[in-house]
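# Geometric and topological summary
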Amino acid sequence: MLVVMPFVSESPRWYLVHCRTDDAMRVLRDIASTNGKSIPHCVGLMLDDEDDIAKKVVVETSSVLDVFRSQIMRARLMLLVIITFLCSVVYFGLTLNVVNLKINLYISVVVNSLAEMPAYLVTAVLLQHFGRKPLTIGSMLLSGVFCTTASLIPNFGAMR
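Residues numbered from 1 in each chain as written. Predicted model: local features only at pLDDT ≥ 70, side-chain atom pairs only at ≥ 80, totals over all residues. Heavy atoms only, no water.

### Details of the overall build of the chain
- The helix and strand tally for the chain stands at seven helices and zero strands.
- Each helix (α) and strand (β) of the chain, taken in turn from the N terminus, gives the series α-α-α-α-α-α-α.
- Evaluated residue by residue, the chain yields a buried proportion of 7% over its 160 residues.
- Within the chain, residue pairs in contact and separated by at least 24 positions form 32% of the contacts whose partners lie at least 6 positions apart.
- For the chain, the computed accessible surface area is about 14000 Å², with 68% contributed by carbon and sulfur atoms. (Helix = DSSP H or I, 4+ residues; strand = E, 2+ residues; numbered from the N terminus. Buried < 20%, exposed > 50% of the residue type's maximum accessible area, 1.4 Å probe, protein only. Contact = heavy atoms within 4.5 Å. Areas by Shrake-Rupley, 256 points an atom, 1.4 Å probe, with all protein chains shown as cover.)

Here's what the structure looks like:
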């Protein structure tokens with residue numbers, strides 16, 4: 001975390017929500033320069049109700065219960081909980097099932113670890129081309145197909 005923190009900033013939206021337009025503009029200029037573009041110095045950000053902010057300060061509070069008040073947010077929360085649970089069960093089930101293989105435990109852990117390293121590289125490359133959502137959906141579907149197929153093959157492989 002200490003290595004990554006200097007390179008990570010809050011989003012411009014977060015700064016705008018907290019009425020910090022100068023910081024939001026600084027982040028946008030950094031993003032533009034990273035992408036090889038520039039934002040003219042005459043361009044700036046201004047909040048819609050900037051005059052009203054000077055007149056009155058309204059403190060809005062929120063809680064976790066706000067998630068349950070909206071039907072869309074409830075549905076998204078339930079989907080995230082289900083997807084995270086299923087991914088965790090499959091990942092840890094496969095990882096912890098290594099002890100049932102009829103080969104050396106240490107060799108199988110090393111092979112699994114070595115197999116994950118190029119997977120991260122391939123994921124980073126594919127992420128550039130396809131985006132986050134299609135890559136996530138495709139990899140989950142592909143993983144599900146392979147796990148289901150492997151479980152249907154009787155008396156085959158290292159688990160005989």
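### Details of the environment of Cys 87
- Structurally, Cys 87 is set in helix H5 (residues 71-96).
- On a C-alpha basis, the gap between Cys 87 and Met 140 in space is 8.3 Å, while along the polypeptide they are 53 residues apart.

### Some thoughts on the packing of aromatic side chains
- What the rule picks out here adds up to two aromatic pairs.
- Here Trp 14 and Tyr 15 contribute two aromatic rings whose centre-to-centre distance is 5.5 Å and whose plane-to-plane angle is 70°, an arrangement assigned as edge-to-face.
- Residue classification places Trp 14 among the partly exposed positions, given a relative accessible area of 31%.
- In this structure Tyr 15 comes out as buried when scored by relative accessible area, which is 7%. (Phe/Tyr/Trp six-rings, centres within 6.5 Å; stacked < 30°, edge-to-face > 60°.)

### Here's the deal with the environment of Leu 126
- Within the element layout of this structure, Leu 126 appears in helix H6 (residues 105-130).
- If we skip the residues at most four places from it in the chain, Leu 126 touches Gly 131 and Leu 135.

### Observations regarding the UniProt feature "transmembrane region" (unreviewed entry) in the chain
- In the numbering used here, UniProt assigns the "transmembrane region" (unreviewed entry) feature to residues 77-99, 105-127 and 134-153.
- Secondary structure within residues 77-99 divides into 87% helix and 0% strand; the distance between the first and last C-alpha atoms comes to 34 Å.
- The span residues 105-127 carries 100% helix and 0% strand; its end-to-end C-alpha distance comes to 33 Å. (UniProt positions renumbered as here; feature names shortened; annotations may be inferred.)

### Structural notes on a nonpolar patch on the surface
- Taken together, the side chains of Met 78, Ile 82, Phe 85, Leu 86 and Val 89 define a hydrophobic patch exposed on the protein surface, amounting to about 490 Å² of accessible area.
- Along the chain, Leu 86 turns up in helix H5.
- For Leu 86, a relative accessible area of 49% corresponds to the partly exposed category. (Patch = residues over 30% accessible without salt bridge, like charges linked within 9 Å, V, L, I, M, F, W, Y side chains within 5 Å. Salt bridge = Lys/Arg side-chain N within 4 Å of Asp/Glu carboxyl O.)

### Thoughts on the pattern of salt bridges
- Applying the stated rule across the entire model yields three salt bridges.
- The partner of Asp 23 in a salt bridge is Arg 20, with the nearest N and O atoms 2.8 Å apart.
- With relative accessibility at 22%, the residue Asp 23 sits in the partly exposed group.
- In this structure Arg 20 comes out as partly exposed when scored by relative accessible area, which is 36%.
- We note a salt bridge from Asp 66 to Arg 69, for which the minimum N-O separation is 2.1 Å. With Asp 66 and Arg 69 both in helix H4 (residues 66-69) and three residues apart, this pair spans about one turn of that helix.

### Points about unusual backbone geometry
- Of note, the phi angle at Cys 19 is positive, near 60°, even though the residue is not glycine.
- According to the relative accessible area criterion, Cys 19 is partly exposed, its value standing at 43%.

### Looking at the packing of H6 against helix H7 (residues 132-152)
- Contact geometry for H6 and H7: axes closest at 7 Å, N-to-C directions at 125°. Our classification of the angle between H6 and H7 gives oblique. Across from Thr 123, Leu 126, Leu 127 and Phe 130 in H6, the residues of H7 making contact are Arg 132, Pro 134 and Leu 135.
- Across the contact of H6 with H7, the residue classes tally to five nonpolar, one polar and one charged. (Axes fitted to C-alpha atoms, helices over the stretch in contact; angles between N-to-C directions. Parallel < 35°, antiparallel > 145°, perpendicular 65-115°, else oblique. Nonpolar A, V, L, I, M, F, W, Y, C, P; charged D, E, K, R; others polar.)

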